[in-house]
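An overview of the molecular structure
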Amino acid sequence: MNKSFELTPTRLRELRGFAAAARLLNFSQAARIAGCTPSVLSRRIASLEQATGSALFLRTTRRMTLTKRGEQLLAYCERLEAVMAELAVNLRPATGELTGRLCVNLPAAYGRTRIAPLLAQFMRSHPQIRVEAIYDDAYVDLVEQKVDLALRVGKLADARWVARRVGNMVRYACAAPDYLTAAPPLHDPADLKQHRCVAFTGLRTGTLWQFARQRQRRSVRVDPILTCNDSQAVRDAILAGVGIGIQGDYMADALVAEGRLVKVLPEWPLPSSPIHLLWLPGADRAPAVRSLIDFLVESLVDT
């Protein structure tokens, strides 16, 4: 064996740091994953470059890429990680119980409504797992916050993460029956200008409500009498008869079925939004993360 590549604890730390940097192509973010400073990570990668006798990265002022040698080493790292993950599964205690801690980032309302019950079910099946659940509609950087698994509603803006689509959110405009009884007629999206509206500030288009029917499109800039940064507060205001608002199907379908809310402009649907699970490359090799991903995919897809 090449003694420069004996898998000592020091060499393993260097390889983990290199793998993170190779996937993210960002030393600062990779250093957070490796639990060190960027300067320490640079020294570890320099040690690997000395051991291999060649550069592992090509750096310019604008970008960083892997060399052929770096791509080869990353492939070896991924094989090594796969073996370590398999060992972690096969050498668990005889009870076979999953252990560990997971940090999960979820959108506030959707997470509380749809995912919280699933997390409870998962944890009942795996009592040795500890979960930190962060419910927040604001963007959270998975690397900086050390998040193992995230769920995002809407188009994905960051291609660095592994994504698995698990569903689709349908939104529609709705109102309480009491409000509609005394409100002006509503036959076309343009009629919303004559109505009291409640707006969720987390909606990507803000107060510009976009509707489509076959090839026809309507965009209406509403002037809300109430704006909220919490979709459940929007729902409560709609239920109280404050005005018309937009709700996701996961929050409003049951209320529509009960007659407490009424869909308005049903022939003019709003754009739907994809729902994805996200995780860092390689994070799913940890048995607890892989098990939670598989459980959520099975629970959410086609529901």
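The following paragraphs examine the structure supplied in this document. (Residues numbered from 1 in each chain as written. Predicted model: local features only at pLDDT ≥ 70, side-chain atom pairs only at ≥ 80, totals over all residues. Heavy atoms only, no water.)

A packed helix pair is summarised by two numbers, namely the angle formed by the two axes and the spacing between the axes. Running from amino to carboxyl end, helix H1 (residues 9–24) crosses helix H2 (residues 27–34) at an angle of 140 degrees, the nearest separation of the two axes being 8 Å. One element, H1, and the other, H2, form an angle in the oblique class. With respect to the hand of their crossing, H1 and H2 are arranged in right-handed fashion. Judged by residue contacts, Gly17, Ala20, Ala21 and Leu24 of H1 engage Phe27, Gln29, Ala30, Ile33 and Ala34 from H2. Of the residues contributing to the contact of H1 with H2, the split by class is seven nonpolar, two polar and no charged. (Axes fitted to C-alpha atoms, helices over the stretch in contact; angles between N-to-C directions. Helix = DSSP H or I, 4+ residues; strand = E, 2+ residues; numbered from the N terminus. Parallel < 35°, antiparallel > 145°, perpendicular 65-115°, else oblique. Left-handed = near helix turned anticlockwise from the far one by under 90°. Contact = heavy atoms within 4.5 Å. Nonpolar A, V, L, I, M, F, W, Y, C, P; charged D, E, K, R; others polar.)

This brings us to the pattern of salt bridges. Between side chains of opposite charge, a pair can form as their charged atoms come close. With the rule as written, the count across this model stands at eight salt bridges. Close ionic contact of glutamate 14 with arginine 11 constitutes a salt bridge, the shortest N to O distance being 2.2 Å. In this pair, glutamate 14 and arginine 11 are both assigned in helix H1, three residues apart and thus about one turn of the helix distant. You'll find glutamate 14 and arginine 11 in the same group, each marked buried. Here the salt bridges share partners, and the residues they tie into one network are Asp284, Arg290 and Asp294. (Salt bridge = Lys/Arg side-chain N within 4 Å of Asp/Glu carboxyl O. Buried < 20%, exposed > 50% of the residue type's maximum accessible area, 1.4 Å probe, protein only.)

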